[in-house]
Amino acid sequence: VVYHGRPGVEATATSPQSLLTGMNLFLKSLEVTFRRDPVNFRPRINKKGSQKDSEQKASGNYFFYDDGAGEDSDVEDDDL
């Protein structure tokens, strides 16, 4: 669930959604993009205006989720 509005004044909640969809919507409202560190897999915030930030914003992927299981993983986005 992602909320939009002004705290303490008015707010609107979205319907429940998957982790990936919800994080993308939330981070888009903050104009922030995340990536996974390739060494320790921790989430990292991209520097505003960096090449990675620009690429992710252009593709609409503000939150990069990779569980490390590869493309053959049976885990669906809704299972997270």
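Keep in mind that this is a model prediction, so the values were computed, not measured.

Reading the values: the criteria
- Residues numbered from 1 in each chain as written.
- Predicted model: local features only at pLDDT ≥ 70, side-chain atom pairs only at ≥ 80, totals over all residues.
- Heavy atoms only, no water.
- Helix = DSSP H or I, 4+ residues; strand = E, 2+ residues; numbered from the N terminus.
- Contact = heavy atoms within 4.5 Å.
- Salt bridge = Lys/Arg side-chain N within 4 Å of Asp/Glu carboxyl O.
- Buried < 20%, exposed > 50% of the residue type's maximum accessible area, 1.4 Å probe, protein only.
- pLDDT = per-residue confidence, 0-100.
- Pairing = 2+ DSSP bridges.

J.: Requested: an account of the environment of Val32, with residues and values cited.
T.: With respect to the helices and strands, the residue Val32 is situated in the loop between helix 1 (19-30) and strand 3 (34-36). Considered as a pair, Val32 and Lys48 are 16 residues apart in the sequence and their alpha carbons are 7.3 Å apart. The residues touching Val32, leaving out its near neighbours within four places in the chain, are Leu27, Ile45 and Tyr62.

J.: Go over the pattern of salt bridges, please, and point to the residues and values.
T.: The full count for this structure, using the stated rule, is three salt bridges. Across the pair Asp37 and Arg44 runs a salt bridge whose closest N-O atoms are separated by 3.7 Å. The residue Asp53 makes a salt bridge to Lys57 at a minimum N-O spacing of 3.3 Å. With Asp53 and Lys57 both in helix 2 (residues 51-59), this residue pair falls four residues apart, about one helical turn. Taking the relative accessible area as the measure of exposure, Asp53 reaches 2% and is therefore buried.

J.: Please provide a residue-by-residue account of the confidence of the model for the protein chain, values included.
T.: Of the residues in the protein chain, 80% have a pLDDT of 70 or more, and the chain-wide mean is 83. Across the protein chain, element-level confidence peaks in helix 2 with a mean pLDDT of 94 and bottoms out in strand 1 (residues 3-6) with 89. Below pLDDT 50 for its whole length, residues 69-76 participates in four contacts with residues either more than four positions away or in separate chains.

J.: Pulling in residues and values, what's your account of the environment of Glu10?
T.: Here Glu10 is to be found in strand 2 (residues 10-13). For Glu10, a relative accessible area of 40% gives the class partly exposed. Leave out the neighbours within four places in its chain, and Glu10 touches His4 and Gly5.

J.: Report on unusual backbone geometry, specifying residues and quantitative values.
T.: With a phi angle near 60°, Glu31 is a residue other than glycine that sits in the positive phi range. Here Glu31 lies in the loop between helix 1 and strand 3. A positive phi is found at Phe41, a non-glycine position, where the angle reads about 65°. On the secondary structure map, Phe41 appears in the loop between strand 3 and strand 4 (43-45).

J.: Just give me the short version of the pairing of strand 2, but keep the residues and values in it.
T.: When strand 1 meets strand 2, the two strands line up antiparallel, connected through four bridges. Each residue of the ladder has a partner; that of Tyr3, found in strand 2, is Ala13. Taken together, strand 1 and the strand that follows it, strand 2, pair antiparallel across an intervening segment of three residues, in which Gly8 is found at a positive phi of about 80°.

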